[in-house]
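Working through the structure, step by step
Each chain, written out:
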Amino acid sequence: MNDIEKIVKDLKLTYEQKVIALARYAENSVKVLNISEDTEKLREAGIICDLFEGNVPYRPRYILPDYEKFMKEGCEFLELTPATNIWEATSNLLIMYKHVPSITSMPVYIGNIDYLLEPFINDEDEAKLAIRLFLTQLDRTITDSFCHGNLGPKSTKAAKIILEIERELENAIPNLTLKYNEETSDYLAIEAIKTALVTAKPSFANHEMFTNDLGEYGIASCYNGLHVGGGAHTLVRMRLSTLAESATSIEDFFNDKLPHAMKCIAEYINERIRYIVEESTFFEANFLVKEGFISQDRFTSMFGLVGLAECVNILLKAEKLEDRFGHSKVADDLGIRIMDFMEEFINNFESKHCKVTNERLLLHAQVGIGDDINISPGSRIPIGEEPELWKHLKQTARFHKYFPSGVGDIFPFEINSMNNPEFILNIIQGSFKEGMRYFSLYSSETDVIRITGYLVKRSEIEKLNKGEATLQDTVVLGQGQVENGKVLERMKR
Amino acid sequence: MIGYINKIIPFSSVDGPGNRTAIFMQGCNFNCIYCHNPETINICSNCGLCINECPTEALYSKENNIHWNKDKCCNCDKCIKTCKNASSPKIQKLTADEVINEVSNYRPFIQGITVSGGECTLQEEFLIEVFTKVKEIGLTCFIDSNGSKDFSKMNTLLELCDGVMLDVKSFSNEKHNKFIKFDNMNVLKNLEYLASKDKLYEVRTVVVPEIFNNEETVKEVANLISKYNRGIRYKIIAFRNLGVRDSLVLKNSPTNEYMESLKIIAEKNKCNNIIIV
């Protein structure tokens, strides 16, 4: 059977998933990018991975429209005037989301939905009904759990309602983040934790840290901090552990393998950006640009990495737990040395279309994909090797500063923490004080779980295991990571 | 001054408000039939029975004292199971400064400490020293007590303390004497005294079917604390026979329905912060 027919006849794909798969197939049937021979070699070796972005980049990977502007002004292209009540507000947003492109073809950022809806909350019962329908429609029509909504940091009635309803609905979509700082009320933070214990969201973002690094930011996709009114053209990642396997010594790694691979990736990223910006016509033709909901000068690109832990362990030939990343000072310090090196490279490497970040790329702790076996996301300590929680938090906090465009850790808690959500709040507050950027939690007994950054229902994975199609395309990714990434074996706290 | 400490848990979600470091003091003057941590009752007699049972040679005798090598310990607890003295060879003898050093590791993530036991107030002077130093680093101090010592006579400690979690095991003194092997006069006195001083954070009752009159205890406790503050938390805990010495005699846990019926009794007596666990 040819590949197109394989897609057409696949029983596990919905109609929508087939259309997207066919489009991807068509895109990959041609080659338009100038990729160097060295880069090709590293791609084939699995050291460079572009996450199947496709051969002909025709839209930025992540787009974060300025929805505040949209709510204020409406949209000419979509023939929408500004909303005057909660029904128009939710309807306008749902219409807009439908037209926001991304790598998944679904919106990866849907705005600070509490702030967007707050002006329209008069009668709370009516608002609850409208928001319940809004969230349900998101879950059933944006069938990809990289769709991400933001809340906070200020407390609003809308945020409270959204959290209450998510607790009832237990949906995987949208992913949610609470931007947290000292302005966030304890009440809202506790509501957020109670919701996360039921349905694995929201996560907590260190608002001060993101604001210092990026200015006006939003959290998109898994946990990606990017500029509102902009986004990221592309994300290409380095498998550090695979790279470490090719090094003959630590010095060979630093003197040769790492700088060479970084140069190849960074140039490859620039080539992908060049095509989107200079050839694809996206920034000339798309209505989001024309009407100023996004602008080219608010875009940057992401230099991702996975497997820092395994990279360190390979370089040190560390077998015993006490010698490994997350447990030994020597190993952790080597991790820091690698990150310092990578940061310095990024600071010196020019990427002319990344205006918003001074023509520089941003480092990103990528969360991994289903094909990654024995490769931990970003700078995380491998599942199964987690130290005591306080040590874990202090260790991981050392690495979060390197990743303005996203990094995070995930902690499952016993369900009885529901009796004392302040327990978890104290841990989050302490983690942020220590320098953590992003904190995710869920309870050990929920259906919705956080795979690596995105959310999937265990029950949907079981459906897929039985050979049935599932509504959301991310279920298959979750299935792979449950199998290969030991996601269900994280240490309960 | 030295404190006898059974163990320190860096993060606890069940020992007072928020996240707390729980410090379990060694030694208890009660002898509860359902005790879940009998190894906290007595100070080690250095009999040495446990040494041979240790699979990792973490225990050894020196100058007639049993010593414990923390790094070698695999936490199998065989020593505790062997002990005939309701004790543990793993007790740490620490100064207040040593306790503070350890707590400092956890400081960014916690609201404070809770001292528990055993019965922590038996080491009142040591607690005063620890609490004074903990306060200096801006953390709160809670006490988990069996209520056997009169809090009205422990003014310095109580002033340093932000809240007490008090066990009320049985309202009936006859049952208390029979199954706890101690009088409950001070427990009930403390219940009222701490509530009146606004120091009572939580009351706990472990519900053991058949042996206690649980309805009476819940009713009387709820009635008394709601007189002072309806928000005082009443944690009603279902007995489970895990870790209990005489697990053959006490094998039944209360049913969920029974626990709910106790909750209703507490509610009827105007308690409005009830947790069933």
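Since we're looking at a predicted model, the values are computed, not measured. (Residues numbered from 1 in each chain as written. Chains lettered and ligands numbered in written order. Predicted model: local features only at pLDDT ≥ 70, side-chain atom pairs only at ≥ 80, totals over all residues. Heavy atoms only, no water.)

1. Some words on the overall build of chain A
- Within chain A one finds 20 helices and 14 strands.
- Relative to its length of 493 residues, chain A is compact, with a C-alpha radius of gyration of 22 Å against a globular reference of 23 Å.
- Summarising its shape, the C-alpha atoms of chain A cover approximately 65 × 55 × 50 Å along the three principal directions.
- By sequence separation, contacts in chain A at least 24 residues apart represent 78% of the contacts at least 6 residues apart.
- Chain A carries 55 positive and 75 negative side-chain charges, and their two centres are separated by 2 Å. (Helix = DSSP H or I, 4+ residues; strand = E, 2+ residues; numbered from the N terminus. Rg over C-alpha atoms; globule rule 2.2 N^0.38 Å. Contact = heavy atoms within 4.5 Å. Lys, Arg positive; Asp, Glu negative; His and termini not counted. Charge placed at Lys NZ, Arg CZ, Asp CG, Glu CD.)

2. Digging into the overall build of chain B
- For chain B, the helix and strand inventory stands at eight helices and 11 strands.
- For a compact globule of 277 residues, the expected C-alpha radius of gyration is about 19 Å, and chain B comes in at 19 Å, within 12% of that figure.
- Dimensions of chain B along its principal axes, counting C-alpha atoms only, are 60 × 45 × 30 Å.
- Counting over 277 residues, chain B shows a buried share of 52%.
- Summarising the internal contacts of chain B: among those between residues at least 6 apart in sequence, 67% fall at separations of at least 24.
- In chain B, which carries 34 positive and 33 negative side-chain charges, the distance between the mean positions of the two groups comes to 2 Å. (Buried < 20%, exposed > 50% of the residue type's maximum accessible area, 1.4 Å probe, protein only.)

3. Observations concerning the nonpolar core
- Core analysis: the biggest nonpolar cluster contains 232 residues, and F204, M238, F253, F303, I338, M342 and F439 of chain A have the highest contact counts within it.
- The greatest single-element share of this core, amounting to 14 residues, is contributed by helix α12 (residues 250–279) of chain A.
- In this structure F439 of chain A touches S203, F204, L393, D409, F411, F413, I427, I428, S431 and F432 of chain A, once residues within four positions along its chain are discounted.
- Core analysis: the next-biggest nonpolar cluster, separate from the first, contains eight residues, C50, A58, L59 and I66 of chain B among them. (Core = buried A, V, L, I, M, F, W, Y, C linked by side-chain atoms within 4.5 Å.)

4. Looking at the environment of D97 of chain B
- With respect to the element layout, D97 of chain B can be found in helix α2 (residues 96–106).
- Expressed as a C-alpha distance, the spacing of D97 of chain B and N75 of chain B, which sit 22 residues apart in the sequence, is 26 Å.

5. Overview of a nonpolar patch on the surface
- Together, I4, V8 and Y25 of chain A make up a nonpolar patch on the protein surface, roughly 240 Å² of accessible area in all.
- Secondary-structure assignment places I4 of chain A in helix α1 (residues 3–9). (Patch = residues over 30% accessible without salt bridge, like charges linked within 9 Å, V, L, I, M, F, W, Y side chains within 5 Å. Areas by Shrake-Rupley, 256 points an atom, 1.4 Å probe, with all protein chains shown as cover. Salt bridge = Lys/Arg side-chain N within 4 Å of Asp/Glu carboxyl O.)

6. Describing the side chain of T21 of chain B
Residue and element names in this part refer to chain B.
- By secondary structure assignment, the location of T21 is in strand β2 (residues 20–25).
- Within the local environment of T21, its side chain forms a polar contact with the backbone oxygen of P10, the two atoms lying 2.8 Å apart.
- Setting aside residues no more than four positions away along its own chain, T21 makes contact with I8, I9, P10, V103, Y106, I110, G112, I113 and T114. (Polar contact = N/O pair within 3.5 Å; in protein donor to acceptor, adjacent residues only side chain to side chain.)

7. Some thoughts on unusual backbone geometry
- Following I173 of chain A, the chain continues to P174 of chain A via a peptide bond in cis, the omega torsion being 0 degrees.
- Tracing the sequence through the fold places P174 of chain A in the loop between α8 (157–169) and β4 (175–180).
- Here the amide bond leading from K201 of chain A into P202 of chain A is cis, since omega sits at 0 degrees, within 30 degrees of zero.
- Looking at where P202 of chain A falls in the secondary structure, it is placed in the loop between α9 (186–199) and β5 (203–206).
- Positive phi values are uncommon outside glycine, yet S105 of chain A reaches one of about 75 degrees.
- Residue S105 of chain A is classed as partly exposed on the basis of its relative accessible area, which comes to 39%.
- Its identity is not glycine, yet K181 of chain B carries a phi of approximately 65 degrees, on the positive side.
- Along the polypeptide, K181 of chain B turns up in the loop between α5 (173–180) and α6 (185–196).

8. Some thoughts on the sheet that holds β4 of chain A
Residues and elements named next belong to chain A.
- On the basis of which strands lie adjacent, the open sheet formed by five strands has the order β3-β4-β5-β12-β11 and mixed pairing. A single partner strand is all that each edge strand has here, and the edge strands are β3 (148–151) and β11 (409–413). Taken pair by pair, the neighbouring strands of this sheet meet at an average axis angle of 25 degrees, ignoring direction.
- Pairing geometry for β11 and strand β12 (residues 438–443), over five bridges, is parallel. Within β12, the residue paired with F413 across the bridge is S443. (Pairing = 2+ DSSP bridges. Axes fitted to C-alpha atoms, helices over the stretch in contact; angles between N-to-C directions.)

9. Here we look at the pairing of strand β6 (residues 112–116) of chain B
Residues and elements named next belong to chain B.
- A large share of β6 lies buried, amounting to five of its five residues.
- On β6, burial covers both faces: G112, T114 and S116 on one face and I113 and V115 on the other are all buried.
- The pairing of β2 with β6 spans five bridges and is classified as parallel. The residue of β6 that forms the bridge with R20 is G112.

10. Some details on the sheet that holds strand β9 (residues 200–207) of chain B
All names here are of chain B.
- On the basis of which strands lie adjacent, the open sheet formed by nine strands has the order β5-β1-β2-β6-β7-β8-β9-β10-β11 and mixed pairing. Unpaired on one side and paired on the other, β5 (92–95) and β11 (274–276) mark the two borders of the sheet. This sheet shows a mean twist of 30 degrees between the axes of neighbouring strands, independent of strand direction.
- Two elements, strand β8 (residues 163–167) and β9, share four bridges in a ladder whose sense is parallel. Across the sheet, the residue bridging to V164 is L200, located in β9.

11. A look at the confidence of the model for chain B
- Residues of chain B with pLDDT of at least 70 account for 98%, and the chain-wide mean is 92.
- Here the complex is predicted with pTM 0.93, and the ipTM for its interfaces comes to 0.90. (pLDDT = per-residue confidence, 0-100.)

12. Some words on helix α17 (residues 389–400) of chain A
Residues and elements named next belong to chain A.
- Look at α17: 16 Å from first C-alpha to last across 12 residues, which is about the 16 Å you get at 1.5 Å a residue.
- Buried residues dominate α17, accounting for nine of its 12 residues.
- Taken together, the buried positions of α17 are occupied by L389, W390, H392, L393, Q395, T396, A397, F399 and H400. (Expected span 1.5 Å × (residues − 1).)

13. Topic: the pattern of salt bridges
- Throughout the structure, instances matching the rule amount to 45 salt bridges over all chains.
- A salt bridge links K263 of chain A to E267 of chain A, with the shortest nitrogen-to-oxygen separation between them at 3.2 Å. Linking K263 of chain A with E267 of chain A, this pair stays in helix α12, spanning four residues, or about one helical turn.
- Classification of K263 of chain A by relative accessible area gives partly exposed; the value is 45%.
- The salt bridge involving K227 of chain B is made with E192 of chain B; its shortest N-O contact spans 3.7 Å.

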